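Coordinate inspection notes
Residue-level listing of the chains:
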Protein chains: 2
Amino acid sequence: MDPSPSPIEAVSQRLESFVADRVAETRDAGADALDFVHAAASVLDGGKRLRARFCLTGWQSVAGRRTGDGDPGTAVISAAAALEVFHAAALVHDDLIDNSDTRRGRPAAHRALEAHHGASGWSGRAETFGRSAAILLGDLLVAWSDDLLEEGLRDAAHAAPARATFALMRREVTIGQYLDIAEEASFVTAPDAEHADRALRVASLKSARYSIQHPLLLGATLAGADDAQLAALAAFGHPLGLAFQLRDDVLGVFGDSAVTGKPSGDDLREGKRTVLVAYTRTALAPGARRLFDEMLGDPGLDAAQVAFLQETIRDTGALDRVEALISDYAGEADRALRGAPLDTHAVGTLRDLARDATARAS
Amino acid sequence: MDPSPSPIEAVSQRLESFVADRVAETRDAGADALDFVHAAASVLDGGKRLRARFCLTGWQSVAGRRTGDGDPGTAVISAAAALEVFHAAALVHDDLIDNSDTRRGRPAAHRALEAHHGASGWSGRAETFGRSAAILLGDLLVAWSDDLLEEGLRDAAHAAPARATFALMRREVTIGQYLDIAEEASFVTAPDAEHADRALRVASLKSARYSIQHPLLLGATLAGADDAQLAALAAFGHPLGLAFQLRDDVLGVFGDSAVTGKPSGDDLREGKRTVLVAYTRTALAPGARRLFDEMLGDPGLDAAQVAFLQETIRDTGALDRVEALISDYAGEADRALRGAPLDTHAVGTLRDLARDATARAS
């Protein structure tokens, strides 16, 4: 093992040693139980570790300023690892909900578990087994995330406010995910003019606060941040998180499947009710809007139909409006860092992370 | 409110005040978010509060002996409430996995959420929405259970070992639930002679340790139990939990639907691989066993087919064998209490709870 790993490498090592403990703990429960634990572990591979990075940088923003020391301790490494495990759990359940076959270019967890059923020569419907097992796999990962957090908080300073931040994050994202699927169903009963604001509310809960603001504040809290530091990080993290989600929405419609690891136009087939869709619909005449609504959310859309919807979204000016909004939010986030009482080096890292989050192609 | 509620009433009051806090916290997120929180709250109604009772009695077994004081504090009341919320979460996901339409005589959560979709005039398939929303509802309840536990552990003595007990319980039950569905699928590849032992292993993880042993130890740990006390409670709780699950298996096949709140023969339609089924199969000739296997797990079994399977299970002597096993385990549990270093009054309560758990009709 690297004697002095970078903080993000330390997070990966923490995950590996945690998984090794879980494997050891499960040996007595037999081969099927071990397969299940290994399936959970494999979901933790890969990904951008975005939430861990924001957590570590949140810590650095505060700790770097006070001590000049850049070496985070067990608490923040474990908290960052916990965020990644929680996110893996959320993705497992999310892929079930969205009926997504792939994740990070590999089979989604429920598809992998379905394949395990098939390969084992078991009885019953492999698809049903895969979906049931994936519900439980997500549950196991949620338990793991909490265990990791608590292992880190043992003897940590500021454990209580850190725990409260994690707990609030968890409640909010779950409600945000519910609102997301409720929007896909309820848009027919909500006034068209409200759709964009409703989509932004979902983006705030399930992305801006979940993916960026809370991870930043969790790290900062563990470093003993004061109110001004927490406020500055929130003022940076929230608009950046909205910009991040809006970029995600654009990639979900226009992204290159070779880069995103998801089929092109996936969000159109799923019928996601994004700001992009809301802007498009308000710009369409009633007849065109009805046609748009009929196509959106049809899982059988072919390439030509996807291209037609993409063109519609572009032609109405909705894409330009969303790009302008991304730019506005990214600017707001950047301004929040100016003169903020945060470590200068960490602020540089935050600016890099912000650029990656809003200008990315995957 | 009652000025001096019984401990189990205090658990209900704790749940009510916790839910009130969650409702207050969610007001700003709009009507749909509030509906979701209310749906989660409604899942907490009813039930026998078995796990809370074992937790409270575990506490009493230790605390009653030391202080003579029967009034549990915030930590154990919150921990007992957390067990109930966690169990509600598990049931929501379990009903999805088992495709159960009813729970405690009311629509299962996914069916209630499906009905909410229908009543709201939303677009898309109500059934798909119900299932997706129920995954998230379970996730929200898991988060709540942890929040309740942590609220109670704030400033509590013995917080670290109590947290570890809760965490182990959570990991074990999830693995046990996975093994449960894996058994339903993998029985075709496992030797017949191993089925009963495999079913008992599942019963140990997902029932004996989860429903009884860990709740007892959680309460006892919060009262500062010593090793001898923990060992006595485990020696009582584990066999009792096995007896409890075996009674559940019998009720799942022979139970009166008017009393259980579930359709009669439900476990036969679900194809649960219980000890009862394992004993039946080993007693059947190959031809009869093939017919039995073909019928078991068929969701379309009619009343006559259910009656035929019930008769087979009875005629093979499997029912008698399981009843004898229940009796053995109940006896083993009872013997563990003799001379145990536990509060006498609490031991009386444990004996009452044991009788309820093994001799019940629902």
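I will try to describe carefully the structure that is included in this document. Along each chain, residue indices are assigned from 1 in the same order as the chain's sequence is written. Chains and ligands are labelled by the order in which they are written, letters from A for the one and numbers from 1 for the other. Reporting of local features is limited, given that this is a predicted model, to residues whose pLDDT is at least 70; pairs of side-chain atoms are given and counted only at 80 or more, and all residues count toward the totals for whole chains, interfaces and linings. Side-chain metrics rest on all non-hydrogen atoms present in the structure, leaving aside hydrogens and water.

**What to know about the overall build of chain A**
Put simply, the test is: To qualify as a helix, a DSSP run of H or I must reach at least 4 residues; to qualify as a strand, a run of E must reach at least 2; elements of each kind are numbered from the N terminus. For a compact globule the rule gives 2.2 Å times the number of residues to the power 0.38, and the radius of gyration it is set against comes from C-alpha atoms. Relative accessibility decides the category of a residue: with a 1.4 Å probe and only protein chains considered, values under 20% of the type maximum give buried, values over 50% give exposed, and everything between is partly exposed. In what follows, residue pairs with any heavy atoms lying within 4.5 Å of each other are defined as contacts. The Shrake-Rupley method, run with a 1.4 Å probe, gives the accessible areas here. Residue values count only the displayed protein chains as cover. Positive residues here are Lys and Arg, negative ones are Asp and Glu, while His and the chain termini are left out of the count. Charge positions come from single atoms, namely NZ of Lys, CZ of Arg, CG of Asp or CD of Glu.
When helices and strands are counted, chain A shows 16 helices and two strands. In terms of overall size, chain A behaves like a compact globule, its C-alpha atoms giving a radius of gyration of 21 Å where 362 residues would be expected to give roughly 21 Å. Buried residues in chain A amount to 59% of all 362 residues. Long-range contacts, defined as pairs at least 24 residues apart, comprise 75% of the intrachain contacts of chain A with a sequence gap of at least 6. Per element, the accessible surface of chain A, about 13900 Å² overall, is 50% carbon and sulfur. Measuring between centres, the 38 positive side-chain charges of chain A sit 3 Å from its 53 negative side-chain charges.

**Digging into the relation of the copies chain B and chain A**
Put simply, the two copies of the chain differ by a rotation about an axis and a shift along that axis. The condition that has to hold: All copies are superposed by least squares; the fitting set is the C-alpha atoms of residues with a pLDDT of at least 70 in both.
When chain B is fitted to chain A, the best match, at an RMSD of 0.0 Å, comes from turning it 180° and sliding it 0.0 Å along the axis. The transformation relating the two chain copies, once decomposed into turn and shift, fits a two-fold axis.

**A few points about helix α7 (residues 159-186) of chain A**
Every α-helix winds through 3.6 residues per turn, so residues three or four apart in the chain are directed the same way. The condition that has to hold: In a helix, the anticipated span is given by 1.5 Å times the number of residues less one.
Relative to the 40 Å expected for 28 residues at 1.5 Å per residue, α7(A) spans 40 Å between its end C-alpha atoms, a close match to the ideal helical length. Buried residues dominate α7(A), accounting for 23 of its 28 residues.

**Considering the interface of chain B and chain A**
To be explicit about the condition: Once two parts are joined, some of their accessible surface, as seen by a 1.4 Å probe, is lost; buried area is that loss totalled over both. Think of a salt bridge as a Lys or Arg side-chain nitrogen and an Asp or Glu carboxyl oxygen that are within 4 Å of each other. For the purposes of these results, a polar contact is taken to be a pair of N or O atoms within 3.5 Å, where, inside protein, one atom must be able to donate a hydrogen and its partner to accept one; residues adjacent in sequence count only when each atom of the pair is a side-chain atom.
Between chain B and chain A, the residue contacts involve 53 residues of the former and 53 residues of the latter. Taken together, both faces of the contact between chain B and chain A bury some 4500 Å²; the carbon and sulfur share is 67%. Counting the surface chain B buries against chain A, the share from its top three residues, B:Leu136, B:Arg171 and B:Tyr178, is 16%. Inspection of the chain B/chain A interface yields 12 salt bridges. Residue A:Arg163 is joined to B:Glu150 by a salt bridge in which the shortest nitrogen-to-oxygen separation is 3.2 Å. Summed over the shared surface of chain B and chain A, the result is 18 residue pairs in polar contact (both at pLDDT 80 or more). Of all the secondary-structure elements, those providing two or more residues to the side of chain B that touches chain A are α1 (7-26), α2 (31-43), α4 (74-98), α5 (109-120), α6 (126-153), α7 (159-186) and α8 (195-222) of chain B. With 16 residues, α7(B) is the largest single contributor of residues to the side of chain B that touches chain A.

**Description of the nonpolar core**
General note: in soluble globular proteins, nonpolar side chains tend to be found buried as a group. Stated precisely, the cut-off is as follows: Think of a nonpolar core as a cluster: buried Ala, Val, Leu, Ile, Met, Phe, Trp, Tyr and Cys residues, connected wherever their side-chain atoms sit within 4.5 Å.
One finds A:Leu141, A:Trp144, A:Phe236, B:Leu141, B:Trp144 and B:Phe236 to be the most contacted residues of the largest nonpolar core, which totals 190 residues. In this structure A:Phe236 touches A:Phe54, A:Leu216, A:Ala333, A:Ala336, A:Leu337, A:Leu350 and A:Ala354, once residues within four positions along its chain are discounted.

**Describing the pattern of salt bridges**
Inspection of the entire model under this criterion finds 60 salt bridges over all chains. One salt bridge in this structure joins A:Glu323 and A:Arg247, with 2.9 Å as the shortest N-O distance. With A:Glu323 in helix α15 (residues 318-337) and A:Arg247 in helix α9 (residues 227-254), this residue pair connects regions lying 76 residues apart in the sequence. Classification of A:Glu323 as partly exposed rests on a relative accessible area of 29%. Take A:Arg247: its relative accessible area is 11%, and that puts it in the buried class. A salt bridge links A:Asp293 to A:Arg273, with the nearest nitrogen and oxygen atoms 3.6 Å apart. Here A:Asp293, found in helix α13 (residues 286-295), pairs with A:Arg273, found in the loop between α11 (266-270) and α12 (275-283); they are 20 residues apart in sequence, far enough to count as distant. Several salt bridges share partner residues, and in doing so they unite A:Arg22, A:Glu25, A:Asp146, A:Asp147, A:Arg170, A:Arg171, B:Arg22, B:Glu25, B:Asp146, B:Asp147, B:Arg170 and B:Arg171 into one network.

**Considering the packing of α12(A) against α15(A)**
Residues and elements named next belong to chain A. Defined as follows: Helix axes use the C-alpha atoms of the stretch in contact, all axes being lines fitted to C-alpha atoms, and the angles between their N-to-C directions lie in the range 0 to 180 degrees. If an angle is under 35 degrees, it is roughly parallel; if it is over 145, roughly antiparallel; if it lies from 65 to 115, roughly perpendicular; otherwise it is oblique. Throughout, a crossing is termed right-handed when the near helix is turned clockwise from the far one, and left-handed when it is turned anticlockwise from it by less than a right angle. Polar here means any residue other than Ala, Val, Leu, Ile, Met, Phe, Trp, Tyr, Cys and Pro, which are nonpolar, and Asp, Glu, Lys and Arg, which are charged; Gly is therefore polar.
Put simply, α12 and α15 touch, their axes get as near as 8 Å, and they point 135° apart. Relative to α15, α12 is oriented oblique. For the crossing formed where α12 meets α15, the hand is right-handed. Across from Val275, Leu276, Tyr279, Thr280 and Thr282 in α12, the residues of α15 making contact are Ala318, Leu319, Arg321, Val322 and Leu325. Partitioning the contact of α12 with α15 into residue classes produces seven nonpolar, two polar and one charged.

**A short note on the packing of aromatic side chains**
For clarity, the threshold we go by: Aromatic rings from Phe, Tyr and Trp, with only the six-membered ring used for Trp, were paired whenever their centres fell within 6.5 Å, and each pair was classed as stacked if the ring planes differed by under 30 degrees, edge-to-face if by over 60, and tilted otherwise. Two limits define a charge over a ring: the Lys NZ or Arg CZ must be within 6 Å of the ring centre, and within 35 degrees of the ring normal.
Under the defined criterion, the tally for this structure stands at 12 aromatic pairs over all chains. Geometrically, the ring pair formed by B:Phe18 and B:Trp144 is edge-to-face, given 5.7 Å between the ring centres and 75° between the ring planes. Within this pair, whereas B:Phe18 is found in helix α1, its partner B:Trp144 is found in helix α6, the two being separated by 126 residues in sequence. Among the residues examined, B:Trp144 registers a relative accessible area of 1% and is labelled buried. By way of ring pairs, the aromatic residues A:Phe36, A:Trp122, A:Phe129 and B:Tyr178 are connected into one cluster. Over the face of the ring belonging to B:Phe18 we find B:Arg22, whose NZ or CZ atom lies 4.6 Å from the ring centre.

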